[in-house]
Amino acid sequence: MAAIKDVFEKLNNAVLWGEEGEAAKLAQEALDAGAAARDIIKDGMSPGVQEAGNKFNDGEFFLPELMLAGEAMKAGIAVVMPALLADAAKHGAESAGKI
């Protein structure tokens, strides 16, 4: 699990600094290491984008840096989305919007 934790830390930094390609590569690396898609998003990417938001609020980041962090997270999510959907289908999750 230490290896996955290291990947999550690198992924967090890639998202924080808006490195789209690195975020996508690290998201795939985390999947390959056996991390759950949900954990990759929650523990690997969300902290980075939250920190970018905090830096924006503190005046350390400006809108371009904040947008780059969002784009990097989007690139990572694009990699894990198929695994996330497959996991949801495997557990019989249905759309919350179905009446």
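Here's a quick rundown of the structure. (Residues numbered from 1 in each chain as written. Predicted model: local features only at pLDDT ≥ 70, side-chain atom pairs only at ≥ 80, totals over all residues. Heavy atoms only, no water.)

Here we look at the overall build of the protein chain
Helices and strands together make up the secondary structure of the protein chain, namely four helices and zero strands. In the protein chain, the order of α-helices and β-strands from amino to carboxyl end is α-α-α-α. Within the protein chain, the fraction of its 99 residues that count as buried is 31%. In the protein chain, 71% of the contacts between residues at least 6 apart in sequence involve partners at least 24 apart. A total of about 6,200 Å² of accessible surface is found on the protein chain, and carbon and sulfur atoms cover 57% of it. (Helix = DSSP H or I, 4+ residues; strand = E, 2+ residues; numbered from the N terminus. Buried < 20%, exposed > 50% of the residue type's maximum accessible area, 1.4 Å probe, protein only. Contact = heavy atoms within 4.5 Å. Areas by Shrake-Rupley, 256 points an atom, 1.4 Å probe, with all protein chains shown as cover.)

Focus on the packing of helix H2 (residues 20-32) against helix H4 (residues 63-90)
Where H2 meets H4, the closest approach of the two axes is 7 Å, and the angle between their N-to-C directions is 30°. Here H2 is positioned roughly parallel relative to H4, judged by the angle of their axes. Of the two elements, H2 crosses H4, and the hand of that crossing is right-handed. Residues Glu-20, Ala-23, Ala-24, Ala-27, Gln-28 and Leu-31 of H2 touch H4, and the partners they reach there are Glu-71, Ala-72, Ala-75, Gly-76, Val-79, Val-80 and Ala-83. A breakdown of the residues in the contact of H2 with H4 according to their chemical character gives nine nonpolar, two polar and two charged. (Axes fitted to C-alpha atoms, helices over the stretch in contact; angles between N-to-C directions. Parallel < 35°, antiparallel > 145°, perpendicular 65-115°, else oblique. Left-handed = near helix turned anticlockwise from the far one by under 90°. Nonpolar A, V, L, I, M, F, W, Y, C, P; charged D, E, K, R; others polar.)

Quick notes on the nonpolar core
Membership of the largest hydrophobic core comes to 18 residues, with the highest contact counts inside it found for Leu-11, Ile-40, Met-45 and Val-80. Secondary-structure elements contributing two or more residues to this core are helix H1 (2-16), H2, helix H3 (37-57) and H4. Look past the residues within four positions of Met-45 in its chain and what remains in contact with it is Leu-11, Val-15, Ile-40, Met-73, Gly-76, Ile-77 and Val-80. (Core = buried A, V, L, I, M, F, W, Y, C linked by side-chain atoms within 4.5 Å.)

Comments concerning the side chain of Ser-46
Topologically, Ser-46 is positioned in helix H3. Setting aside its immediate chain neighbours within four residues, Ser-46 contacts Ile-41 and Met-73.

Re the pattern of salt bridges
Enumeration over the complete set of coordinates arrives at four salt bridges. Across the pair Lys-42 and Asp-43 runs a salt bridge, and its minimum N-O distance is 3.5 Å. A salt bridge links Glu-71 to Lys-74; its shortest N-O distance comes to 3.6 Å. Of this pair, Glu-71 and Lys-74 both sit in helix H4, three residues apart, roughly one helical turn. When its relative accessible area of 52% is taken as the criterion, Lys-74 is described as exposed. (Salt bridge = Lys/Arg side-chain N within 4 Å of Asp/Glu carboxyl O.)

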